[in-house]
Amino acid sequence: MEIIDAHLHLPRPWSQWKHGDEAFLDLQTELLLGQMDAAGVDAAVIISDPHVAPAQWCAAATARHPDRLATVLVCDETAPDIADQVASARENPGVLGLRITTAWPPGNVERLRAGAYDRLLSTAEEHGVPVCVLGAGDLPDVAVVARAYPTLPLIIDHLGLNQPPFMPADDPPWRDLGQLLALADLPNVSVKLSGAPTLSDTPYPYPDIWPYLRQVLDAFGVDRCMWGTDQHRVFGRLHGFDPVPRYPGYHSYAQGLHYLLDRDEFTEAEKTALFGGTLRKIMGWPAEPASSPTPCPTG
């Protein structure tokens, strides 16, 4: 069974990056692929970030390994040519979609309400470009967007919940789960289960989060849910070479996969959807055709 991580980032520390340093990009990409190989992950979607992983770096990584890596871009929605950027986004090899954030910077949802993203969203709907949303606490506003653009694929990052270590978990951590479940009636909305173990208060395999994930899976179905880790937020390094501090739910990459993969509640067909099939369908990432084996020479 193919396993695709729907959400991760290139490894840090970005403080070591020298702009245009191809050797460093190669190193970071190989580190990522090595971690994927060790955990048993076949492919992954890299999320770009204008501050730590700009689009050109992610594009370069995906160009090196188009069978294993794709990317989601963050664009400047205020750019005069934003409509052209969105319309041509999928023409770039490895680009699957775009990302907007209402949860950051604080209060950015007010800009969404004021129409700051209208050109981006309307053009994305016109051209069938999926849009991922980081919108913890703002999901009622995302519902408004989903209804305004009913054929636009919207993908909710991180279950729509605040997650450590960058954002303190809510009290209780699953307090706003009802906001997410309310989106299940909107057929153009799907959800990433990324980072779920960060909300656990129990050791691996984090049994305390399962009742909440079960609610999400029951509401959306595996055909609108995608497994993901947000690797290098939940595991790796943050500022420079400083280790990530331990916190409840801190976990390795392999644990971020197997806490869900090893559950016996899923049929094989459900696992196939949850761990890659749904992503390929909704984000339009075709599988690379298997290469034909080189015939052995005769003589």
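Scroll up a little and you will see the structure.
Residues numbered from 1 in each chain as written. Predicted model: local features only at pLDDT ≥ 70, side-chain atom pairs only at ≥ 80, totals over all residues. Heavy atoms only, no water.

## Some thoughts on the sheet that holds strand β3 (residues 69–74)
- Spatial ordering of the open sheet is given by β1-β2-β3-β4-β5-β6-β7-β8, a layout of eight strands whose pairing is parallel. Both edges of this open sheet fall to β1 (4–8) and β8 (225–226), since each of them pairs with a single strand only.
- Looking at chain direction, strand β4 (residues 95–101) and strand β5 (residues 131–134) are connected through four bridges and run parallel. Residue pairing in the sheet places I100 in a bridge with V133 of β5.
- The sheet contacts of helix α1 (residues 22–39) involve β1, β2 (43–47) and β3, and relative to β3 the element is tilted by about 120 degrees.
- Contacts between helix α6 (residues 139–148) and the sheet are confined to β5, β6 (154–156) and β7 (189–192), with β6 contributing the most and set at about 165 degrees to the helix. (Pairing = 2+ DSSP bridges. Helix = DSSP H or I, 4+ residues; strand = E, 2+ residues; numbered from the N terminus. Contact = heavy atoms within 4.5 Å. Axes fitted to C-alpha atoms, helices over the stretch in contact; angles between N-to-C directions.)

## Considering a nonpolar patch on the surface
- On the surface, a cluster of nonpolar side chains totalling about 320 Å² of accessible area is made up of W104, F166 and M167.
- Relative to the assigned elements, M167 resides in the loop between β6 and α7 (177–181). (Patch = residues over 30% accessible without salt bridge, like charges linked within 9 Å, V, L, I, M, F, W, Y side chains within 5 Å. Areas by Shrake-Rupley, 256 points an atom, 1.4 Å probe, with all protein chains shown as cover. Salt bridge = Lys/Arg side-chain N within 4 Å of Asp/Glu carboxyl O.)

## Considerations on the pattern of salt bridges
- For the coordinates displayed, the defined rule picks out 12 salt bridges.
- Salt-bridge contacts for E2 lead to R280; the nearest nitrogen and oxygen are separated by 2.6 Å. Note that E2 is positioned in the segment before β1 and R280 in helix α10 (residues 268–283), a separation of 278 residues in sequence.
- For E265, the salt bridge goes to R263, with nearest N and O atoms at 2.7 Å.
- The class of E265 is partly exposed, set by a relative accessible area of 35%. (Buried < 20%, exposed > 50% of the residue type's maximum accessible area, 1.4 Å probe, protein only.)

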